[in-house]
Amino acid sequence: MSDRLQGKVALITGAGGGIGRASAERMAREGAAVMCADIDTQAAEGTVALIEQAGGTADSLGVDVSDEAQVQRAIAATAERFGKLNVLFNNAGVGAGFSWDQTVAINLTGVFYGLWHGVRHLAANGGGVIINTASIAGLVGLSGATGVSADEMQPGGPAYIAAKHGVVGLTKQFAVSHGAAGVRVNAIAPGFIETAMTQEMRDDPDTREYLTSLHPLGRLGRAEEIAAVAAFLASDDASFINGVTLPVDGGYTAR
Ligand SMILES: NC(=O)c1ccc[n+]([C@@H]2O[C@H](COP(=O)([O-])OP(=O)(O)OC[C@H]3O[C@@H](n4cnc5c(N)ncnc54)[C@H](O)[C@@H]3O)[C@@H](O)[C@H]2O)c1
């Protein structure tokens, strides 16, 4: 494993599980000190324990990304705890089972708060990197195995699509606005990944088979495969990448 994040400090939201936890472990293995932030504080502490067991450096804090003051505090607390902040990964999010307002508050406004306060902090301190977790749902509409009638439709589905498309737009705007201040802003668009968020869908064999068939690689993705890309974008290996949303989707959006 490379040590390309040696000496860096990263704040990751949604670090209590799934993609956030895998990214925290990966960035720590590459040398970063990682602040693991999550609304589920116990889950974030669990990630810290895993990192420390592996010899890495991490700490945890509770944050609800839909609360602006909490996001601002998390950024300040990370810089205070580890002496600086280099990388902010706005990753926390919820799936399609929530109301329009809840989904937008967490998946879009939460990312906006991270960007808004993150760029200020990073620009004032010589620059840095922001990564957002978008989705294939930020690039295309998603189809269901059986189709959904207007009567069956729940607001969380379209809200998720709108929020993730919004994340792609915010990524471009903040990259354009703040590149000159030394802040690179990029997003990752995962396909369907085997995390708690997709557990229910994957437990249904027909749905699993349908979702798998949409990924040309013939399988769903693993959290570690997103984490590897997050670590790359956080590192100087990606020093001229700014404003992109990188699909990491087994070819889902290539068809
Ligand atoms: N799993 C997939 O197939 C998939 C695909 C594309 C994009 N994504 C995105 O990846 C990100 C991570 O999802 P995951 O698959 O790891 O899911 P997950 O449910 O395993 O992890 C999400 C984490 O975010 C935390 N969280 C939820 N609401 C929060 C809030 N308001 N404030 C702070 N933390 C909060 C949860 O406690 C949890 O630990 C999300 O933005 C999600 O939309 C996931």
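The structure under discussion appears in the preceding block.
Cut-offs applied
- Residues numbered from 1 in each chain as written.
- Predicted model: local features only at pLDDT ≥ 70, side-chain atom pairs only at ≥ 80, totals over all residues.
- Helix = DSSP H or I, 4+ residues; strand = E, 2+ residues; numbered from the N terminus.
- Rg over C-alpha atoms; globule rule 2.2 N^0.38 Å.
- Buried ≥ 20, exposed ≤ 12 C-beta atoms within 10 Å, placed from the backbone.
- Contact = placed C-beta atoms within 7 Å.
- Near = placed C-beta within 6 Å.
- Expected span 1.5 Å × (residues − 1).
- Bend = angle between axes of the 7 residues up to and from the residue.
- Arc of directions from axis to C-beta.
- Core = buried A, V, L, I, M, F, W, Y, C linked by C-beta atoms within 7 Å.
- Pairing = 2+ DSSP bridges.
- Right-handed = clockwise from strand over helix to strand, strands pointing away.

Draft legend 1. Spotlight on the overall build of the protein chain. Broken down by element type, the protein chain carries 8 helices and 7 strands. The C-alpha radius of gyration computed for the protein chain amounts to 17 Å, which stays within 12% of the reference 18 Å derived for 255 residues, consistent with globular compactness. Across its three principal axes, the protein chain shows a C-alpha extent of roughly 50 × 35 × 35 Å. Counting the 255 residues in the protein chain, one finds 47% classified as buried. Sequence separation of 24 or more characterises 77% of the internal contacts of the protein chain that already satisfy a separation of 6 or more.

Draft legend 2. The site of the ligand, seen in detail. Around the ligand, the surrounding shell holds 29 residues, and the nearest of these are Gly14, Gly16, Gly18, Gly93 and Thr195. Per element, the largest residue contribution to the shell around the ligand is 3 residues, and it comes from helix H1 (residues 18–29).

Draft legend 3. Helix H4 (residues 100–124), seen in detail. For H4, spanning 25 residues, the distance from its first C-alpha to its last is 35 Å, which sits close to the expected 36 Å at 1.5 Å a residue. At Thr109, H4 is deflected by roughly 35 degrees, the largest bend along its length. Gly126, located one to two residues past H4, shows a positive phi value of around 90 degrees.

Draft legend 4. Here's a closer look at helix H2 (residues 41–53). With 13 residues, H2 ought to run about 18 Å at 1.5 Å a step, and its terminal C-alpha atoms sit 18 Å apart, in line with that. Restricting attention to buried positions, one finds in H2 the residues Ala44, Thr47, Val48 and Ile51. The arc that holds every buried residue of H2, seen down its axis, measures 100 degrees, which confines them to one face. Counted as exposed and oriented over 90 degrees from the buried face of H2: Gln42 and Gln53. On the buried face of H2, the contacting elements are H1, strand S2 (33–38) and strand S3 (57–62). Residue Gly55 follows H2 closely and has a positive phi angle near 90 degrees.

Draft legend 5. Layout of the nonpolar core. With 74 residues, the main nonpolar core has Ala10, Val34, Cys36, Ala37, Ala230 and Ala234 as its most contacted residues. Filtering out sequence-adjacent residues up to four positions away, Ala10 remains in contact with Met27, Ala32, Val34, Asn86, Val87, Phe89 and Ala234.

Draft legend 6. Broad picture of the pairing of strand S5 (residues 128–133). With 6 of 6 residues buried, S5 lies mostly within the body of the structure. As defined by bridge partners, strand S4 (residues 87–90) adjoins S5 across 4 bridges and the pair is classed as parallel. When the bridges of S5 are listed, Val87 appears paired with Val129. Where the polypeptide runs from S4 across H4 and back to S5, its parallel neighbour, the crossover connection is right-handed. Pairing of S5 with strand S6 (residues 183–190) involves 6 bridges; the strand directions are parallel. Bridge pairing in S6 links Ile131 to Asn186.

Draft legend 7. Main features of the environment of Thr253. Tracing the backbone shows Thr253 in the segment after strand S7 (245–248). On the basis of neighbour count, Thr253 is assigned to the partly exposed category, with 14 C-beta atoms found within 10 Å. Along the chain, Thr253 and Leu115 lie 138 residues apart, while their C-alpha atoms are 26 Å from each other. Dropping the residues within four chain positions of it, Thr253 is found in contact with Ile136, Leu139, Val140 and Pro247.

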